[in-house]
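What follows is the residue order along each chain.
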Number of protein chains: 2
Amino acid sequence: MTDLIRSWVESANAETAEFPLNNLPYGVFARDGKPGRCCTAIGTHVLDLHGLEEAGVLDFGGTLRSGDWSAFMALGKPEWDRLRGWLLTALAEGAGAESTLSPHLQALSDVQLLMPFTVTEFTDFYASRHHASNVGRVLRGTNGEVPPNWLHIPIGYNGRASSVAVSGTDVRRPMGQLKAKDEAMPRFGPSERFDFELEFGAIVGQPSGGMIDVATAFDNIFGYVLLNDWSARDIQAWEFQPLGPFQSKAAATTISPWIVTAAALEPFRCAAAEREVPLLDYLQENGPMLYDVELEVALAPPSGEETVVTRSNYKHMYYSAAQQLTHHTTSGCPMRVGDLLGSGTISGPEKLSRGCMIELTWNGQEPVQLSSGETRAYIEDGDTVTIRGHAQGNGFRVGFGACSNRVVPSRG
Amino acid sequence: MTDLIRSWVESANAETAEFPLNNLPYGVFARDGKPGRCCTAIGTHVLDLHGLEEAGVLDFGGTLRSGDWSAFMALGKPEWDRLRGWLLTALAEGAGAESTLSPHLQALSDVQLLMPFTVTEFTDFYASRHHASNVGRVLRGTNGEVPPNWLHIPIGYNGRASSVAVSGTDVRRPMGQLKAKDEAMPRFGPSERFDFELEFGAIVGQPSGGMIDVATAFDNIFGYVLLNDWSARDIQAWEFQPLGPFQSKAAATTISPWIVTAAALEPFRCAAAEREVPLLDYLQENGPMLYDVELEVALAPPSGEETVVTRSNYKHMYYSAAQQLTHHTTSGCPMRVGDLLGSGTISGPEKLSRGCMIELTWNGQEPVQLSSGETRAYIEDGDTVTIRGHAQGNGFRVGFGACSNRVVPSRG
């Protein structure tokens, strides 16, 4: 595991800093309601890359002045490497670039963070063995076995890109058709079982027209965000047969504002669990394909402080983003810059590592205890759900920043 | 029913013309590999609206020079009405506009037709009672009953926008995971049960942020295209539980090149079948919400002439596009200009009005007889599938143009 790379931005060298020089995540900031500007984070600051390209210090064909990261992603991996290389040099301790760069630093606390890229399409997967097993138990009364195709296919479905929003955006409780098992007819009303889903989002940074080779699939992934795939369990239960979730997942999907690059996560690669049955050749992994990223979800009621309700890790997944992307292209499905792939709910093996309320509370039967003294079966209006994550290095961490969103009452 | 509106473009007045003055569909044409230009069709000609805006004859803020119809759609219904009104006047017999407009007419046979708009996201529904019933019988051995939610919810799922292509584009047979019931393990190979689906595509022309009222939902729909939702039945059967179709529907969805406007179809409105159970209030129809549009699918093997394999009608649907759009927004799901809503396979009550091969051949058990002497259980490489449709007026028709695509072998 690599050590901390020290920066002349002192706050980046703290052991618990989310944004040391090793990280260099990409985001978009704004001040005073002005248009968004591409930036990176270093310590407690953002470095205004839009401003650096404007000043002629950097030249990436104007893509850093385009308001989000989609145009830059389209340039491809050599340019991704060139920008990261430049930043690693210029921000390193002793680089002598302080006088050039300091005017372009701003305190993180002074800026607003916007959507970091344009989501072209959103696909959500279902890749945690523990999650699939728990959901089967709680909803279908199984003994924990997964669906017959699950050990062969990285199961996924198309989600809704228009409802992807950045951390900080209020999430409105959805209305929808609800029908409990003992009700004769459905009714229309606000979801009564509104849930979060702890996920990792992989961002496709290169277009493709044919099938991608799993051995090179990672070259197409620009980076990762934390992702909350908000889910109305009651709407889902009534609507999902036979064609899958639809309005239950369409109210919102929220993401953290920083794209942590694949390059920054490279030192934290780890292997997936052993295959229970052999995968078909096209999905055969070429090395350790997951990342050791510690994750947690905190829930804060309107009245009180937050309680961490689950701690999980991306390393618990059965399928990697490379395998998911490869499978996504088997049919010839074209991928475009800005395709967002949700990992699926990241549940670990322990009870307190489950990645959503339906698992944590066993569909509301065992409510979660909050430090405020309240309990929660599902998410209530006014609650704030915050996902945090970081990879732990040797005396430093690569952090993601928070994905934090408050639920507001439905319009119904 | 309205009568033919005569045009000074003589070919538009023929009884079987697809593009009389009553129609005025919107498309994008190109010649000699140049960029696409917005146009309408009149008789056997296209009228170059890009050229008319360039010449200052029309002024729609440059949207007619943007290369497709998305920017124009965003202007909203008053501008949609203004353009249609202008064209109805200028192209009418005796209008005296021949000298101005004739230089902007080109023979349809001389031009290539491109994608008429940018597909933002694609949603596919499942709204024919006969289709849902047949699919249950053939795949799940039911007695024709539909899923319990079907009579209450316009069932839909998110499809893949990146694979929507225009008529004329070759469709590559998808590869994918296949597993027959008697096979122990899945294998990877070309789909052996590749199917078409006869559908109607509704194009959302206005953005919305909250829930749309079913009474005004039609105001958000710009127009309609014929749509073929290509489906790999073997990939679908193995992958679709529990989260719905994914790669089985991602190889291609093809559409006809002309957007037939909601305004042109207005005289052909008709009521849906009686509700078998009452719908929830938010889906209650406000009047006749379907259109009487005759549809057919022809199949041409590489060796011979085409055979019409099914004749159906959009009036057979149980849910309208207005109901589907309304349901789509119940969760608060934002809709954007260019959202494409597939009606679902349009199967009628008769055997020869079924809208896909899995129904027509009962999953291959009763192959279709072609006029060439060949038979087809599913679509074979080199076959061309052509959807045609028109609304029949009093001595004229409002045609859609063909959605015609050839299947080429998989890359496997």
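Thresholds applied
Residues numbered from 1 in each chain as written. Chains lettered and ligands numbered in written order. Predicted model: local features only at pLDDT ≥ 70, side-chain atom pairs only at ≥ 80, totals over all residues. Heavy atoms only, no water. UniProt positions renumbered as here; feature names shortened; annotations may be inferred. Helix = DSSP H or I, 4+ residues; strand = E, 2+ residues; numbered from the N terminus. Buried < 20%, exposed > 50% of the residue type's maximum accessible area, 1.4 Å probe, protein only. Polar contact = N/O pair within 3.5 Å; in protein donor to acceptor, adjacent residues only side chain to side chain. Contact = heavy atoms within 4.5 Å. Phe/Tyr/Trp six-rings, centres within 6.5 Å; stacked < 30°, edge-to-face > 60°. Domains from an automatic or database assignment. Buried area = accessible area lost by both parts, 1.4 Å probe. Salt bridge = Lys/Arg side-chain N within 4 Å of Asp/Glu carboxyl O. Least-squares fit on C-alpha atoms with pLDDT ≥ 70 in both. Nonpolar A, V, L, I, M, F, W, Y, C, P; charged D, E, K, R; others polar. Expected span 1.5 Å × (residues − 1).

### A closer look at the UniProt feature "binding site: Ca(2+)" (unreviewed entry) in chain A
Residues and elements named next belong to chain A.
Then, in step 1: Look at the UniProt record and you will see "binding site: Ca(2+)" (unreviewed entry) annotated at Asp124, Glu197, Glu199 and Asp229. The annotated residues occupy 106 residues of the chain but converge on a single region, no pair of C-alpha atoms lying more than 11.0 Å apart.
Then, in step 2: For Glu197, the location among the structural elements is in the loop between strand 12 (194-195) and strand 13 (198-204).
Then, in step 3: The exposure class of Glu197 is buried, given its relative accessible area of 3%.
Then, in step 4: Separated by 2.9 Å, the side chains of Glu197 and Arg233 make a polar contact.
Then, in step 5: Tracing the backbone shows Asp229 in strand 14 (residues 221-229).

### Structural notes on the side chain of Ser312(B)
Residue and element names in this part refer to chain B.
Then, in step 1: Within the secondary structure layout, Ser312 lies in strand 21 (residues 307-313).
Then, in step 2: Among the polar contacts made by the side chain of Ser312, one reaches the main-chain carbonyl oxygen of Ile346 at a distance of 2.9 Å.
Then, in step 3: Look past the residues within four positions of Ser312 in its chain and what remains in contact with it is Leu198, Val293, Glu294, Leu295, Ile346, Ser347, Gly348 and Ser353.

### Concerning the packing of aromatic side chains
Residues and elements named next belong to chain A.
Then, in step 1: Here the structure, examined in full by the defined rule, presents 42 aromatic pairs over all chains.
Then, in step 2: Aromatic pair Trp69 and Phe72: ring centres 5.2 Å apart, planes at 85 degrees, arrangement edge-to-face.
Then, in step 3: You can call Trp69 buried: its relative accessible area is 0%.
Then, in step 4: Seen from their ring centres, Tyr291 and Tyr314 are 6.3 Å apart, and the 20 degrees between their planes marks the pair as stacked. Of this pair, Tyr291 sits in strand 19 (residues 290-291) while Tyr314 is found in the loop between strand 21 (307-313) and helix 8 (321-328), placing the two residues 23 residues apart along the sequence.
Then, in step 5: A relative accessible area of 2% means that Tyr314 is categorised as buried.

### A look at the domain arrangement of chain A
Much of the literature gives interface size as the accessible area that the parts lose upon coming together.
Residue and element names in this part refer to chain A.
Then, in step 1: Taken domain by domain, chain A comprises domain 1 (10-114) and domain 2 (122-408).
Then, in step 2: If you look at the interface, domain 1 gives 29 residues, while domain 2 gives 26 residues.
Then, in step 3: Between domain 1 and domain 2 the total buried area reaches about 2100 Å² when both faces are included, carbon and sulfur atoms providing 68% of it.
Then, in step 4: A per-residue breakdown of the area domain 1 buries against domain 2 is headed by Tyr26, Met73 and Trp80, which together make up 27% of the total.
Then, in step 5: Linking domain 1 to domain 2 there are zero salt bridges.
Then, in step 6: Inspection of the domain 1/domain 2 interface yields six residue pairs in polar contact (both at pLDDT 80 or more).
Then, in step 7: Elements represented by at least two residues in the side of domain 1 that touches domain 2 include exactly strand 1 (26-30), strand 2 (37-42), helix 2 (70-74), helix 3 (77-90) and strand 5 (112-114).
Then, in step 8: If one sorts the elements of the side of domain 1 that touches domain 2 by residue count, helix 2 sits on top with four residues.

### Digging into unusual backbone geometry
Residue and element names in this part refer to chain A.
Then, in step 1: Omega for the peptide link from Gln241 to Pro242 comes to 0 degrees, which places this bond in the cis form.
Then, in step 2: Topologically, Pro242 is positioned in the loop between helix 6 (233-239) and strand 16 (253-255).
Then, in step 3: A positive phi angle, close to 50 degrees, is found at Trp362, a residue other than glycine.
Then, in step 4: Structurally, the position occupied by Trp362 is in the loop between helix 9 (357-360) and strand 23 (368-369).

### With respect to the relation of the copies chain B and chain A
Then, in step 1: At an RMSD of 0.0 Å, chain B and chain A line up after a rotation of 180 degrees and a shift of 0.0 Å along the axis. Put plainly, the chains are arranged around a two-fold axis. The rotation axis passes nearest to the C-alpha of Gly244(B) in chain B, at a distance of 2.1 Å.
Then, in step 2: The fraction of interface residues of chain B whose copies in chain A are also interface residues reaches 100%, indicating that both copies meet through the same surface.

### Quick word on the interface of chain B and chain A
Then, in step 1: With 56 residues of chain B at the contact, the number on the chain A side is 56 residues.
Then, in step 2: Summed over both partners, the interface of chain B with chain A comes to about 5000 Å²; 60% of that surface belongs to carbon and sulfur atoms.
Then, in step 3: Interface area lost by chain B to chain A is led by Arg160(B), Leu243(B) and Phe246(B), which between them contribute 16%.
Then, in step 4: At the boundary of chain B and chain A, one finds four salt bridges.
Then, in step 5: Close ionic contact of Glu121(A) with Arg160(B) constitutes a salt bridge, the shortest N to O distance being 3.4 Å.
Then, in step 6: If you list the elements that add at least two residues to the side of chain B that touches chain A, you get strand 6 (122-125), strand 7 (156-158), strand 10 (175-178), strand 11 (187-190), helix 6 (233-239) and helix 8 (321-328) of chain B.
Then, in step 7: At three residues, strand 7 of chain B tops the list of elements feeding residues into the side of chain B that touches chain A.
Then, in step 8: Looking at the side of chain B that touches chain A residue by residue, the classes come out as 29 nonpolar, 19 polar and eight charged.

### With respect to helix 5 (residues 129-140) of chain A
Residues spaced three or four apart along an α-helix face the same direction, because each turn holds 3.6 residues.
All names here are of chain A.
Then, in step 1: Taking 1.5 Å per residue as the helical rise, helix 5 with its 12 residues ought to reach 16 Å, and the 16 Å between its terminal C-alpha atoms agrees with that figure.
Then, in step 2: Buried residues of helix 5: His131, Ala132, Ser133, Asn134, Val135, Gly136 and Val138, and no others.
Then, in step 3: Elements in contact with the buried residues of helix 5: helix 9.
Then, in step 4: A positive phi of about 65 degrees marks Gly141, the residue just after helix 5.

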